[in-house]
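Okay, here's what each chain looks like letter by letter:
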Amino acid sequence: MKTADWPYDADQHDPLTQLRIPVTGTHPGFTYTACFDRDSEARPNDAEAQQIASFIEEYQEHYFGNGSWRRVQQAKPFDMDCYTTTVFHKWAPNDWSYRCVTWQYGPFWVPVFPRQRGGEYDEQQLGALTLVQVMDRIHAHGGDQPSTRWAAWKTSHPEAFRPPRTNTPDRQTINDEGRAVTTLRIKRACNGCGLYLGDADNRDVDEHGNLTDVRAECAICAPLVEFEAQGCATWQVTPRSISQVGDELDRLGVYAKGYWEDVDGKLAVTGLRVGTGATRVVAKYGDWLVRHPDGQFAVHPAPAVASSV
Ligand SMILES: [Zn+2]
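None of these values were measured; they are calculated from a predicted model. (Residues numbered from 1 in each chain as written. Predicted model: local features only at pLDDT ≥ 70, side-chain atom pairs only at ≥ 80, totals over all residues.)

Of the residues in the protein chain, 96% have a pLDDT of 70 or more, and the chain-wide mean is 89. By mean pLDDT, the top-scoring element of the protein chain is strand 1 (residues 23–24) (98), and the lowest-scoring one is helix 5 (residues 222–229) (85). (pLDDT = per-residue confidence, 0-100. Helix = DSSP H or I, 4+ residues; strand = E, 2+ residues; numbered from the N terminus.)

Attention shifts here to helix 3 (residues 131–138). Buried within helix 3 we find Leu-131, Val-134 and Met-135. Angularly, the buried residues of helix 3 cover 100 degrees about the axis, an arc narrow enough to put them on a single face. Close packing links the buried residues of helix 3 with helix 1 (46–64) and strand 4 (95–100). (Buried ≥ 20, exposed ≤ 12 C-beta atoms within 10 Å, placed from the backbone. Arc of directions from axis to C-beta. Contact = placed C-beta atoms within 7 Å.)

Now for the nonpolar core. For soluble globular proteins, the rule of thumb is that nonpolar side chains tend to be buried together. Membership of the largest hydrophobic core comes to 23 residues, with the highest contact counts inside it found for Cys-190, Cys-218, Cys-221, Leu-272 and Leu-289. Elements represented by at least two residues in this core include exactly helix 5, helix 6 (242–251), strand 11 (266–274) and strand 13 (288–291). When we break this core down by domain, the ones giving at least three residues each are domain 2 (171–215) and domain 3 (219–300). When neighbours within four sequence positions are excluded, Leu-272 is seen to be in contact with Val-237, Ile-242, Val-245, Gly-246, Ala-256, Gly-258, Tyr-259, Ala-283 and Leu-289. Grouped together as the second largest cluster of nonpolar side chains are 19 residues, Ile-21, Val-23, Cys-35 and Val-134 included. (Core = buried A, V, L, I, M, F, W, Y, C linked by C-beta atoms within 7 Å. Domains from an automatic or database assignment.)

With that settled, the discussion passes to the packing of helix 1 against helix 3. Between helix 1 and helix 3, whose axes approach to 10 Å, the crossing angle comes to 15 degrees. By the criterion of interaxial angle, the relationship of helix 1 to helix 3 is roughly parallel. Considering the relative orientation of helix 1 and helix 3, their crossing is right-handed. The residues of helix 3 that touch helix 1, namely those facing Glu-48, Gln-51 and Phe-55, are Leu-131, Val-132 and Met-135. By residue class, the composition of the contact of helix 1 with helix 3 is four nonpolar, one polar and one charged. (Axes fitted to C-alpha atoms, helices over the stretch in contact; angles between N-to-C directions. Parallel < 35°, antiparallel > 145°, perpendicular 65-115°, else oblique. Left-handed = near helix turned anticlockwise from the far one by under 90°. Nonpolar A, V, L, I, M, F, W, Y, C, P; charged D, E, K, R; others polar.)

Structure (structure tokens):
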């Protein structure tokens, strides 16, 4: 909301504002470099927020360098003075579109609204694109390949645009004494579920020497990272965690108790029953319990991925 000390139409107290990302409607009133559409169905996760901030920085650095006009922009909460503002919209995990405020013809969003995809208005037939794929298109200038300038920016900004993790297989060799020797690269396990993600590299330790959160890379945990980005709380219900999850729900004033089932002729607890009446949900062992910001609970089933450990 605009006030005397906040003249912008971008949301002053949105966490993205700290990253110099304006959160606005589809027709922002300032010449921001890029915005996030506040009417999006989903919020950017941390990695995507960094990518939008980096997209804005690339534009500013390219057009204004380190000159005095750049410093004028940096003194404001957002980077502006852009010929056409790019607005990003997130529909669902890994499903993004964009529009430029100068567009007068053609589709409103590229890719088009999800419900229009594959229909008569979907001329480009793009399907769902990730945020990086959308940014590549913006920089492609009509072609399919992103510009070399943009590709170079991504390579030199791995903090926002991480290359895929390598996964070097163990190597068996016979040494001079005829003994078998195994050479292996240290692997990184997901901090959410323990799944091996590939070779450990410098993305796995932050500047304080702490292990980083890599759950967004993990097929099992990525949906939960998205839930957390929407402001949801998540718990995995396992035989080990069930009493702690129960205690935490108790503190939230939510009724929860063990869910009993017949297992090989004996009654046994197989999960957690949460809530009462029609809104009751059951999270079986392995499932994730998700509490949405409105207080509603949902269950995210354990994915059918074999444990790698
Ligand atoms: Zn995981």
